[in-house]
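This is what each chain is made of:
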Amino acid sequence: MKKAIFDKEKIAVLAAEIREKVDLNVKKARNWASKHTDTKKAAERIKANVEIKGANAVVLACSILIASIGLNVNSTAVIIGAMLISPLMGPIIGAGLAIGTNDWTLFWKAMKNLGIMVGISLGVSTVFFFLSPLRLVNPTELVARTSPSFYDVLIAFVGGLAGIFESLRKDNEKGTVIVGVAIATALMPPLCTVGYGLAHLNPRFIFGAAGLFAINCFFIAVATYLMVLVLFPVNKEKAGTDRMATRAMGIIGACLIISGGFSMIRMSKDSKLERNVDQFVTANKIIGKSYIHDYKMHSGKNRYADIFFAGEGLTNEELQRLYASAEQYHIAYDQLNIVEHSFGNDDDALIQDVFDRTEAEMGLLENRIKELEMQLDSVMHRVFPDSTLTTIETVSE
């Protein structure tokens, strides 16, 4: 008779010991948290913040308008200011609390108010971007909200944990955590970006930013739900509901994490290509009688780089040498697009701009050299007070 590889009895005993230790640690955590938290008052505050009343609606409209302006002018400071006054987090934390306490009336109330807030936000931002005359060539703040990744999942989850714990703390221990959570989780900018996409009928901005907003909302709610399970009094009657809610959240969370993982892989590939192109450009700044004056990256499935040359046209040999050099930096042939600008009347402005920038940099260097010479003169006169020689004369001797 073959001997069993695993001893079932030992495994069962080990599992029971692990469960016992986990239960003991959870109990200790609850005892510690009970000294610093007030679940009853926290639940009342969270329920009160779920509703969107007249004042909250006005504040929301103002914050979405401020965030839209900040995105439109690429101002990070303005966007942060909008996130600080946004009341969007109330219904999301309320939904997490509702699931954790099996209060489905509160859950649907939170979902309804969140839907109203999202509707107001999309309406205001869409109208603003439709009417705004400003069109940025490179809207980096908007583009940054169109590619959710695993890092956004992590930020939303950890931020949600900090936010709900801050809500649970006793009044005399409260700090400014909620302010930091509002900035870190960034609920407002993705909604503004969706509004931008709707105003310009751009699917990339609509679906990319909507995905980021969904990730932020869901994982803030998940963090709230888990904290409620650990810190709130245990209700054995809702154990079955807890298991069902946990499974549903696990499935949805897994889908969002996988989606964010694919996005993170794509971002990693784009970043790697950009680093390779930057090294390639540095190594091949001047080719024959031409030089690279700029380059532009194109991300996505068919990622590539435009390399802009000015000067005389590149010969076939120079082009072959250029592509051979690109291979050394792991840049494929179809990932490099050479754009040549030969000398001529059409390029006078471009060439003049290059010369102007070079002349300005040389002027700064000359001023810096003069400053250093004056400092050296001062040091020499302090060391040799009787000397009348200047620094340059002393060095020449």
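Every value quoted in this text rests on a predicted model; they were computed, and no experiment measured them.

Calculation notes
Residues numbered from 1 in each chain as written. Predicted model: local features only at pLDDT ≥ 70, side-chain atom pairs only at ≥ 80, totals over all residues. Heavy atoms only, no water. Patch = residues over 30% accessible without salt bridge, like charges linked within 9 Å, V, L, I, M, F, W, Y side chains within 5 Å. Areas by Shrake-Rupley, 256 points an atom, 1.4 Å probe, with all protein chains shown as cover. Salt bridge = Lys/Arg side-chain N within 4 Å of Asp/Glu carboxyl O. Helix = DSSP H or I, 4+ residues; strand = E, 2+ residues; numbered from the N terminus. Buried < 20%, exposed > 50% of the residue type's maximum accessible area, 1.4 Å probe, protein only. Polar contact = N/O pair within 3.5 Å; in protein donor to acceptor, adjacent residues only side chain to side chain. Contact = heavy atoms within 4.5 Å. Core = buried A, V, L, I, M, F, W, Y, C linked by side-chain atoms within 4.5 Å.

Overview of a nonpolar patch on the surface
Turning to step 1, where the next piece is worked out: Taken together, Val59, Ile66, Ile80, Leu84 and Ile85 make up a surface patch of nonpolar side chains, about 340 Å² in accessible area.
Turning to step 2, where the next piece is worked out: For the nonpolar patch, the secondary-structure elements that each account for two or more residues are helix H3 (54-72) and helix H4 (76-85).
Turning to step 3, where the next piece is worked out: Residue contributions to the nonpolar patch peak at three residues, all from H4.
Turning to step 4, where the next piece is worked out: One can find valine 59 in helix H3.
Turning to step 5, where the next piece is worked out: You can call valine 59 partly exposed: its relative accessible area is 31%.

Remarks on the side chain of glutamine 335
Turning to step 1, where the next piece is worked out: By the secondary structure assignment, glutamine 335 is in the loop between helix H13 (316-328) and strand E4 (336-341).
Turning to step 2, where the next piece is worked out: Within the local environment of glutamine 335, its side chain forms a polar contact with the backbone nitrogen of alanine 332, the two atoms lying 3.0 Å apart.
Turning to step 3, where the next piece is worked out: Not counting the four nearest positions on each side in its chain, glutamine 335 is found in contact with Leu273, Arg303, Tyr304, Ala305 and His330.

Side note on the nonpolar core
Turning to step 1, where the next piece is worked out: Within the largest apolar cluster, 54 residues are counted, with the highest numbers of intra-cluster contacts made by Leu88, Phe129, Leu187 and Met188.
Turning to step 2, where the next piece is worked out: Secondary structure elements with two or more residues in this core: helix H2 (39-50), H3, H4, helix H5 (89-101), helix H6 (104-131), helix H8 (150-168), helix H10 (188-200) and helix H11 (203-231).
Turning to step 3, where the next piece is worked out: Looking at this core element by element, the count peaks at 13 residues for H11.
Turning to step 4, where the next piece is worked out: If sequence neighbours within four positions are ignored, leucine 187 has contacts with Leu88, Met89, Ile92, Phe213, Asn216, Cys217 and Ile220.
Turning to step 5, where the next piece is worked out: Grouped together as the second largest cluster of nonpolar side chains are 16 residues, Val277, Ala305, Ile331 and Leu336 included.

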